[in-house]
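# Report on the structure
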Amino acid sequence: MTAAVENQPRPVPGGTSGTAAAPPIIEVRGISKIYGGEVVALQDVDLAFEEGRLISLLGPSGCGKTTLLKIVAGLLAPTAGTVHVKGRAVTGPGPERAFVFQDFALLPWATVLRNAAFGLEMQGVASGRREEIARHYVAEVGLSGFEDKYPHELSGGMRQRVGLARALAVNADVLLMDEPFSAVDEQTRRKFQEDLLRLRESERKTFLFVTHSIEEAVYLSDRIVLLSPRPGRVSRIIDPDVPRDGDPDEIRRHPVYLDTVEEIWHGIRKYVE
Amino acid sequence: MTLFGRRVPMMASLLLWVVVWEIIGRFDLLLLFPPFTHVLAAMVEVVTSPSFASAMATTLYAYVVGLVLALVVGVSLGFLMGLLRTADGLLNMWVNIFLAAPLSALVPVIMILFGLGTPTVIATVFMFAVWIIALDTRAGVLHVSPSLIEMSRAFGASRTQRLKIIFLAALPEILAGVRLGVIRGVKGVVIGQLLVAIIGIGALFALYRQNFLMAHFWALILILFAFALTLADLIGRLEKRLEYYAGARN
């Protein structure tokens, strides 16, 4: 069943999910973020994320989940507190972290292949080598044959696959995903979620995933960090014990999946009403 | 004139006006309006005359130098205003004033500063073209999606690489400004030379006017119009291609 820890400042490592406790790859200590001196987006957030897991940051809009993700990415500076990734303090973006954007953020003048190779290009990888790597990941996300297309020739879901290929290509340890599927339609989103589960198996990376969809969080995550809004705080940590080895459609009918979705909804609804 | 040959509807309406012009010209009412056929005949004469070639060379030189200066300064100014709030606060009002101001009135002042020659014409072209380029560049830079800039930071782009990305993302707006700047530059070169009146096309205009060569006068005007329109059309085509690529911007 699910292991729910009420109002715990630090997560209990491992939970009951069965895997052995790995050392934390991301440590968030005492993070606060205040916008413009008055809007408290995050208040005193402490979290630790273990290597090789998929962790979701879930909460209603305005709970600071994207803010937290961008602080971990080094794109935003916190007002107080520190973030350590692989033991090193975060002061800005770094090659061990890759970001997937909600609105894809592709270069409209570059082909799929060049977009996927963008991070490698910035790192100064030689063009032959980076094309080879980019080609591999473009295929990995299921876009073979589209290498020479431009973003405007692709559907929203395909554009986000390019965004994912770009993040995978730099071979970062941590993938930070900011509501990556919120701008694509429901069918594409489901297919995408299934592909992400498959990719997780083959890539062995740590995923930090921001979403406002309870179903998505429960379907994908090893651990769900529930944030409460105004000010953004960790309200609960849930380790959904959903078996993911079977048929993807089985998961959505599994009683544990359904119960966890329901449970989270009951916890969250008071913020929505 | 390939420009008129290409667009059939535009040509049709032009033809109507040409016929009206011809008829009025045939009545011999005004010295100012010779028949259109005379203008065409004069055009051949104008284009083949040696004074036209040298006038064109002087004019083109002033135009190109002024426009290149306007491009460099305008795009840099627009970038500065788009990226730095303080620069924008300091400059925005002035750029807008210069854009709206009747710049022809400034040409005599420019003449005092630069003398009766090509430098004045270059300065006039510059003043006519630079402000719209700066403002459109600023708009383009401000319109670049914040997530594109975040993305380039997240993937480790250096400062120069980030500026390059901003430039490319703002290129459609920059080109719109350049197209308008190119047209305004033609205005600038003509007005500058008319007021200086001793060099280039301006000298030719003065010559034709003083000798009542109205057919030649009109022929020269038609050539200038065609020149300005052709340039604008060329840049417009480049713009369309870019907009096509930039169509995915969200």
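What you see as residue numbers is a count from 1 along each chain, following the sequence as written. As a convention, the first chain written is A and the first ligand written is 1, with the rest following in written order. The model is predicted, so local features are restricted to residues of pLDDT at least 70 and side-chain atom pairs to those at 80 or more, both for listing and for counting; the totals for chains, interfaces and linings are taken over all residues.

## A closer look at the overall build of chain B
Numbering of helices and strands starts at the N terminus; helices are DSSP runs of H or I of at least 4 residues and strands are runs of E of at least 2. Tallying secondary structure elements over chain B gives eleven helices and zero strands in all. In sequence order, chain B lays out its α and β elements as α-α-α-α-α-α-α-α-α-α-α. Principal-axis analysis of the C-alpha atoms places the extent of chain B at approximately 70 × 45 × 30 Å. The burial criterion counts other C-beta atoms lying within 10 Å of a residue's C-beta, which is placed from the backbone; the residue is buried at 20 or more, exposed at 12 or fewer, and partly exposed between these limits. By residue count, 36% of the 250 residues in chain B fall in the buried class. Expressed as a percentage of contacts within chain B between residues at least 6 apart in sequence, the contacts between residues at least 24 apart total 77%. Contact between two residues is assigned when their C-beta atoms, built from the backbone, lie within 7 Å.

## Quick notes on the overall build of chain A
A count of helices and strands for chain A gives nine helices and eleven strands. What the globule rule says is 2.2 Å times the number of residues to the power 0.38, and the radius of gyration is computed from C-alpha atoms. At 18 Å, chain A has a C-alpha radius of gyration in line with the 19 Å of a compact globule built from 273 residues. Viewed in the frame of its principal axes, chain A has a C-alpha envelope of about 50 × 45 × 35 Å. Here chain A holds 273 residues, and 47% of them are scored as buried.

## Observations concerning the pairing of strand 2 (residues 24–35) of chain A
Residue and element names in this part refer to chain A. In terms of strand pairing, strand 2 meets strand 3 (residues 39–50) through eight bridges, oriented antiparallel. Considered in strand 3, the bridge of E27 is made with A48. When DSSP finds two or more bridges between a pair of strands, those strands are recorded as paired. The hairpin turn running from strand 2 into strand 3, its antiparallel successor, is three residues long, and G36 in that turn takes a positive phi close to 55 degrees. Here five bridges tie strand 2 to strand 5 (residues 80–85), and the two strands are oriented antiparallel to one another. Note on strand 5: the bridge partner recorded for I26 is V85.

## Focus: the environment of D148 of chain A
Among the structural elements, D148 of chain A can be located in the loop between helix 4 (127–140) and helix 5 (156–169). A sequence separation of 92 residues divides D148 of chain A from P240 of chain A, and the C-alpha atoms of the two residues are 40 Å apart.

## As for unusual backbone geometry
All names here are of chain A. You will see that A105, though not glycine, has its phi angle at about 50 degrees, which is positive. Within the secondary structure, A105 sits in the loop between strand 7 (97–100) and helix 2 (112–116). Unusually for a residue other than glycine, N171 sits at a positive phi of about 55 degrees. Summarising the element assignment, N171 is placed in the loop between helix 5 and strand 8 (174–178).

## A word on helix 6 (residues 186–203) of chain A
Residue and element names in this part refer to chain A. What a helix is expected to span follows from its residue count: subtract one and scale by 1.5 Å. A rise of 1.5 Å per residue sets the reference length of helix 6, with its 18 residues, at 26 Å; its end C-alpha atoms lie 25 Å apart and thus fit the reference within 8%. The set of residues buried in helix 6 consists of R189, F192, Q193 and L196. Within helix 6, the buried residues cover an arc of 105 degrees as seen down the axis, which keeps them to one side. Opposite the buried face of helix 6, at more than 90 degrees from it, the exposed residues are Q187, R198, E201 and S202. For helix 6, the elements touching its buried residues are helix 5 and helix 7 (214–220). Where helix 6 terminates, the next one or two residues include R204, which has phi positive at roughly 50 degrees. To be clear, the arc concerns the directions from the helix axis to the C-beta atoms.

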